[in-house]
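For reference, the chains in residue letters:
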Amino acid sequence: MMETTMKNFFLFLSQNKLMNQAAKKWGLRFGANRFVAGETIREAIQKVQNLNEKGLVCTLDHLGEFVFSREEAIESADYCVKTLDAIHQAGVNSNLSLKLTQIGLDIDIDLCRSNMRRILDTAKKYGNFVRIDMEDYGHCQQTLDLLEELRRDYDNVGTVIQAYLYRTEKDIEKMKGVSLRLVKGAYKESPEVAYPDKKDVDENYKKIIKMHLLSGSYTAIASHDDQIIEYTKRLVEEYKIPRDQFEFQMLYGIRTQAQVELARQGYTMRVYVPYGNDWYGYFMRRLAERPANVAFVLKGMVSK
Ligand SMILES: Cc1cc2nc3c(=O)[nH]c(=O)nc-3n(C[C@H](O)[C@H](O)[C@H](O)COP(=O)(O)OP(=O)(O)OC[C@H]3O[C@@H](n4cnc5c(N)ncnc54)[C@H](O)[C@@H]3O)c2cc1C
């Protein structure tokens, strides 16, 4: 009960526009630097370099919330291009993750499409890859439609599929050969579209991991859950899935020891590395996810 209240409280805070604007001026505060790699590209690239040295590969995400104007959407896309440039220049091992709403999905689909093409052209030039994060249910079909369209011209793009949605199994069936990141799902969805019960989500998650791997498609298993990681390890062993057909993914700052350990065992382990001055919403959502993170942050504030 207490946990649900806290979760809702932090999700509520995450959507507060005034706090979001203020936070841009504060700099990384309240322990946010545990989950956010820095405010500038330079800082983020340095963190990626450190992670690469530990045997981990990365995906960089330039944080951004509340994109309402064309100018903001174009600026966001510029950041994606600059991030790809910086990855190439520094020679670090990282691809890029982005959200379509950040580059204009809610403003104008044509703007979003042309931003996406610009980003994919840059990635292609560098032999790099772009992953489209999946947002709430309201954006799911649009995201899959745009991906299908883009894939006619680009082979360096993939997306994310969420195990909590009822529609997911059918989507997976249609997406043989597409590089997918599979996750449990992070948004608050209605029971009309998503399994309300965690147990059902976990079962569906295992099912789609198996489906996508056995169809021979590249699969990223993005989870901090040992039960899921162990399941995947057993599955790939049993079906002799080659190690270059899948990877594990976790978020920057979460289960860092486990990340290094998986890499040490010879698995590809990709860390999702968010950066930028728009860190507030992302940070609040991480706090909502896990009360232990709140305790950590409070400890940090008190001991300053
Ligand atoms: C790389 C990456 C990318 C993602 N991209 C998307 C996306 O595009 N769209 C989307 O909707 N969601 C995305 N998510 C979020 C995802 O949907 C889940 O909300 C989130 O990962 C929590 O689920 P989980 O599988 O990690 O495990 P949970 O079900 O949250 O936790 C299961 C168990 O994992 C362990 N665990 C979890 N967190 C911690 C921790 N902090 N420390 C120690 N142990 C822990 C605990 O044992 C816990 O009981 C992404 C997640 C990752 C890792």
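Small disclaimer: the values here were computed from a predicted structure and weren't measured.

1. Considering the pairing of strand β2 (residues 94-98)
For step 1, the next point in the chain: A large share of β2 lies buried, amounting to five of its five residues.
For step 2, the next point in the chain: By the alternation rule, side chains of β2 split into Ser94, Leu96 and Leu98 and Asn95 and Ser97, which are all buried.
For step 3, the next point in the chain: For strand β1 (residues 57-62) and β2, the ladder comprises three bridges, and the chain directions are parallel. Note that in β2 the partner of Leu60 across the bridge is Leu96.
For step 4, the next point in the chain: What joins β1 to β2 is helix α4 (residues 70-90), and the crossover it makes is right-handed.
For step 5, the next point in the chain: In the sheet, β2 pairs with strand β3 (residues 130-132) via three bridges, with the strands oriented parallel. Its bridge partner being in β3, Ser97 is matched across the sheet by Arg131.
For step 6, the next point in the chain: For the segment spanning β2, helix α5 (residues 109-125) and β3, crossover handedness is right-handed.

2. Observations concerning the layout of surface pockets
For step 1, the next point in the chain: A volume near 400 Å³ is recorded for the second largest pocket.
For step 2, the next point in the chain: Lining the second largest pocket are 21 residues, and of these Lys24, His62, Glu75, Asn277 and Asp278 lie nearest its centre.
For step 3, the next point in the chain: Among the elements of the structure, α2 (17-26) and α4 are those that each provide at least two residues to the lining of the second largest pocket.
For step 4, the next point in the chain: Considered class by class, the residues forming the lining of the second largest pocket number six nonpolar, eight polar and seven charged.

About the thresholds
- Residues numbered from 1 in each chain as written.
- Predicted model: local features only at pLDDT ≥ 70, side-chain atom pairs only at ≥ 80, totals over all residues.
- Heavy atoms only, no water.
- Buried < 20%, exposed > 50% of the residue type's maximum accessible area, 1.4 Å probe, protein only.
- Helix = DSSP H or I, 4+ residues; strand = E, 2+ residues; numbered from the N terminus.
- Pairing = 2+ DSSP bridges.
- Right-handed = clockwise from strand over helix to strand, strands pointing away.
- 1 Å grid on protein atoms, 1.4 Å probe; cavity = no way out; pocket = protein on both sides within 12 Å on 5 of 7 lines; lining within 4 Å.
- Points joined across faces, edges and corners; volume = space filled by probe spheres on them.
- Nonpolar A, V, L, I, M, F, W, Y, C, P; charged D, E, K, R; others polar.

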